[in-house]
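Residue-level structure breakdown
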Amino acid sequence: MKDRIDFPEAGLVSFFLLISCWYLTDAYKASSSTENLLLILPAATTVMILCIWILSRVFFKSSKQKVKTDSEEEKKPEKKKVSILGAMIILAVFVLSMDWIGFDSATFLFIAALMFLQGERRPLWLGGFSLIYAVLVFLSI
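Residues numbered from 1 in each chain as written. Predicted model: local features only at pLDDT ≥ 70, side-chain atom pairs only at ≥ 80, totals over all residues. Heavy atoms only, no water.

The N-to-C vectors of helix H5 (residues 103–117) and helix H6 (residues 123–140) enclose an angle of 140°; their axes lie 8 Å apart at closest approach. Considered as vectors, H5 and H6 are oriented oblique to each other. In terms of crossing hand, the pair formed by H5 and H6 is right-handed. Contacts between H5 and H6 involve Phe103, Asp104, Thr107, Phe108, Ile111, Ala112, Met115 and Phe116 from the former and Trp125, Leu126, Gly127, Phe129, Ser130, Leu131, Tyr133, Ala134, Val137 and Phe138 from the latter. Looking at the contact of H5 with H6, its residues break down into 14 nonpolar, three polar and one charged. (Axes fitted to C-alpha atoms, helices over the stretch in contact; angles between N-to-C directions. Helix = DSSP H or I, 4+ residues; strand = E, 2+ residues; numbered from the N terminus. Parallel < 35°, antiparallel > 145°, perpendicular 65-115°, else oblique. Left-handed = near helix turned anticlockwise from the far one by under 90°. Contact = heavy atoms within 4.5 Å. Nonpolar A, V, L, I, M, F, W, Y, C, P; charged D, E, K, R; others polar.)

Written out as structure tokens, the structure is:
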């Protein structure tokens, strides 16, 4: 079995790598003072390291991966289409319901519905995580 290189992913990550290199170089040319590079240097370095790591994973995949058969490739997108359509419907209901039930309640229900759509069935996780997320969103506003 031969490995396939994921060229769109490699292209996007390469674009992020080039942009972060350009941004760091431009910031350094503007002013090499510590105050100027205090936030830019660590952030750009982190992005560059992550991009290099992802590119190495894309180009040097292990030979243990198998090429999917045609029947497996046909089955998986159908499931994703249903999941994406469901998420779009849940998002539309979220946006439309904010006026009636409020932003906080709508956020709680939106997160719980998305988690349920993705397969989470434990009530404690559905309610607990949704509540924590809604409270954090409320506090950040």
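Looking now at the confidence of the model for the chain. Mean pLDDT over the chain stands at 84; residues scoring 70 or higher make up 82%. Summarising per-element confidence for the chain, the mean pLDDT is lowest in helix H4 (residues 70–101) (77) and highest in H5 (92). (pLDDT = per-residue confidence, 0-100.)

Another point: the environment of alanine 113. The topology assignment puts alanine 113 in helix H5. Relative accessible area serves as the criterion here: at 28%, alanine 113 is assigned to the partly exposed category. For the pair alanine 113 and serine 130, spaced 17 residues apart in sequence, the C-alpha separation works out to 9.2 Å. (Buried < 20%, exposed > 50% of the residue type's maximum accessible area, 1.4 Å probe, protein only.)

Mapped onto the elements of the fold, serine 97 is located in helix H4. Overall, the relative accessible area of 14% leaves serine 97 in the buried class. Apart from the residues within four sequence positions on either side, serine 97 is in contact with Gly102 and Ala106.

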